Amino acid sequence: MTACNGRITSERDMEEKVPLLRRLPRVDDLMAQGRMAALAEAHRPLAREAAREAIEEARQRLLAGEDSAGASLEAVAARAMELYRRKSARSLRRAVNATGVALHTNLGRAPLSAAAQEALAEAAAGYCNVQAGLDSGERTPREIHVLGLLQRITGAEAALVVNNNAAATVLVLNTLASGREVILSRGEMVEIGGSFRIPEILKLAGCQLVEVGCTNRTHLADYEKAITPATALILAVHQSNYRIEGFASQPPVAELAKLARSKGVACVHDLGSGALLDYRRYGLPYEPNVPESLAAGVDAALFSGDKLLGGPQCGIILGKTDTLQAMRKNPFYRAFRVCKLTLSALEGTLRLFLDAERLPQEHRVTALLAMPVKEIQRRAEELARLVREGCSGWLDADTIEERSEIGGGSFAGHSLPTVCVRLRSERIAAAELSKRLRLSDPPVFARVHEQGVLMDPRTILPGEEPLILAALQGVGDSLQRGPS
Ligand SMILES: *Cc1c(COP(=O)(O)O)cnc(C)c1O
């Protein structure tokens, strides 16, 4: 055998190592150690698995010729505890969103308001009356828990709730236009991301797409000319995540609805972001909203529950009773309907909209979006100060004027002014710092920008600053210990 770099290469080498290998702790030794002993009571299989892996790692290190200190009982037990912690941690965990993107799809879109969390906890705690009428004891539609609220807030007659707005689109189109033609402007052939493309959804729903107009301009007359006996409906889709500017126009939904009515076809509005009121009252840009769309006379309006509405993931369809009754009978509805947990969080969220005045205090998404820059600046300066004090010696923190993205296909083309904390270090590259923050507990998501890591207080929820500081100090400690 040939010798190379401390690996087992000769019989003499092996003879030296066998006594060391024999002294490796055994699983039962580890299970009797301090914290592991406590775990062994409650979580035996995972704890034993962690112990076996820690021993195997130590064995491999000894065979590779490493110092035997790493194979001591204490060292192997510490490693076993670390492995155990990783194995037993839940995968889906609360995370800190310091990216400034208010509706971040990868971070679960809307953070729920306290009222929604309470409603969810109650429904999750045991049985609930999701489909049982309390008066009659008979079966009721599960939307009954949100119908009254939606009627009051939007003026709708009837409501259906499904898994998301993509499902809502399929259900509406399949019910109202299967085997027939749907007229859509070339300016509204939207791709939302995650393989949701309006023309493909139309095909899936069994409809024939009839494109009208141009990318930048579509006129009412274009729709009118396209209507034939094969036409089932006119589809209007909100340009939720893009904007066509310059020489551009699109007839208002009210005109499309009027045209549809006069020709005896339906008009459906996919609003996407689900604004339940006019956000200009909170100093935000105009976004097409549900009450306006219904007042304009569309047969169905559909939108997401977890965008501006700030609730759980779901798709909401509002419209006339007869129209929605037909959708309820479609087998797709049975496949797409939501669970009690979704309905409870949705009800909790919708109740907040009864008092629009208090929305910026009580409703998380509205609070984030309407947060005054002065307030953000105060929080940024405070966080920067905490970081300078808590991480002195390796991390520098200052504040910088920036923009927050809204995200989630809402207020396309608009960003909001903000003030971020900028973190810079000579000891660690920005991308590496950002990665280690993600691997912290809880995970912290920030933005990497040029040489720094940016944290936007707009999306850092109240009380999360100490979690961020602890995550940064954890990174600082690991830098002290040297490269891992
Ligand atoms: C977001 C969006 C969708 C998709 O909604 P999901 O709830 O994510 O399925 C569809 N249409 C429009 C216009 C949207 O903005």
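Residues numbered from 1 in each chain as written. Predicted model: local features only at pLDDT ≥ 70, side-chain atom pairs only at ≥ 80, totals over all residues. Heavy atoms only, no water.

Details of the site of the ligand
Around the ligand sit 13 residues in total, of which Asn165, Ser240, Asp270, Ser304 and Lys307 are the nearest. Contact between the ligand and Ala166: an oxygen atom at 2.9 Å from a main-chain N or O atom of the residue. Within the side chain of Ser304, an N or O atom sits 2.7 Å from an oxygen atom of the ligand. Here the ligand, which alone exposes 380 Å², has 94% of that area covered by the protein. Listing elements by their share of the shell around the ligand, those giving two or more residues are α8 (165-177) and β8 (266-272). Here the shell around the ligand is built from residues that sort into four nonpolar, six polar and three charged. (Near = heavy atom within 4 Å. Polar contact = N/O pair within 3.5 Å; in protein donor to acceptor, adjacent residues only side chain to side chain. Areas by Shrake-Rupley, 256 points an atom, 1.4 Å probe, with all protein chains shown as cover. Helix = DSSP H or I, 4+ residues; strand = E, 2+ residues; numbered from the N terminus. Nonpolar A, V, L, I, M, F, W, Y, C, P; charged D, E, K, R; others polar.)

Focus: the pairing of strand β9 (residues 300-304)
With respect to burial, β9 is a largely interior element, five of its five residues being buried. Going residue by residue along β9, you find Ala300, Leu302 and Ser304 tucked away on one face and Ala301 and Phe303 tucked away on the opposite face as well. Bridge analysis of β8 against β9 gives four bridges, and the strand direction is parallel. Bridging across to β9, Asp270 finds its partner in Leu302. In this region the chain leaves β8, passes through helix α12 (residues 290-295) and returns to the parallel neighbour β9; the handedness of that crossover is right-handed. (Buried < 20%, exposed > 50% of the residue type's maximum accessible area, 1.4 Å probe, protein only. Pairing = 2+ DSSP bridges. Right-handed = clockwise from strand over helix to strand, strands pointing away.)

What to know about unusual backbone geometry
Here the residue pair Asp441 and Pro442 is connected by a cis peptide bond, since its omega of 0 degrees sits within 30 degrees of zero. With phi around 55 degrees, Arg109 is a residue other than glycine that occupies positive phi space. When you line up the elements, Arg109 lands in the loop between β1 (96-97) and α6 (114-124). Located in the positive-phi region is Glu450, a residue other than glycine, with phi close to 50 degrees. Given the relative accessible area of 66%, Glu450 is considered exposed.

Considering the domain arrangement of the chain
On domain assignment, one finds that the chain holds domain 1 (12-88), domain 2 (96-105 + 370-481) and domain 3 (114-362). Using only C-alpha atoms to locate each centre, domain 1 and domain 2 end up separated by 38 Å. (Domains from an automatic or database assignment.)

A look at helix α15 (residues 340-352)
The end-to-end C-alpha distance of α15, which contains 13 residues, comes to 19 Å, matching closely the 18 Å that a straight helix rising 1.5 Å per residue would cover. Looking at the buried residues of α15, the elements they touch are α6, α7 (144-154), β2 (158-162), β10 (315-319) and α16 (359-362). (Expected span 1.5 Å × (residues − 1). Contact = heavy atoms within 4.5 Å.)

Points about the packing of aromatic side chains
Here the structure, examined in full by the defined rule, presents three aromatic pairs. Here Tyr279 and Phe411 contribute two aromatic rings whose centre-to-centre distance is 6.0 Å and whose plane-to-plane angle is 85 degrees, an arrangement assigned as edge-to-face. Pair noted here: Tyr279 is in the loop between β8 and α12 and Phe411 is in the loop between β11 (396-405) and β12 (415-424), with a separation of 132 residues, a long-range link. Summarising the burial analysis for this pair, Tyr279 and Phe411 share the class buried. Judged by centre distance (5.3 Å) and plane angle (15 degrees), the rings of Phe332 and Phe336 are stacked. Of this pair, Phe332 and Phe336 both sit in helix α14 (residues 331-336), four residues apart, which is roughly one turn of the helix. Linked through ring pairs, Tyr279, Tyr282 and Phe411 together constitute an aromatic cluster. (Phe/Tyr/Trp six-rings, centres within 6.5 Å; stacked < 30°, edge-to-face > 60°.)

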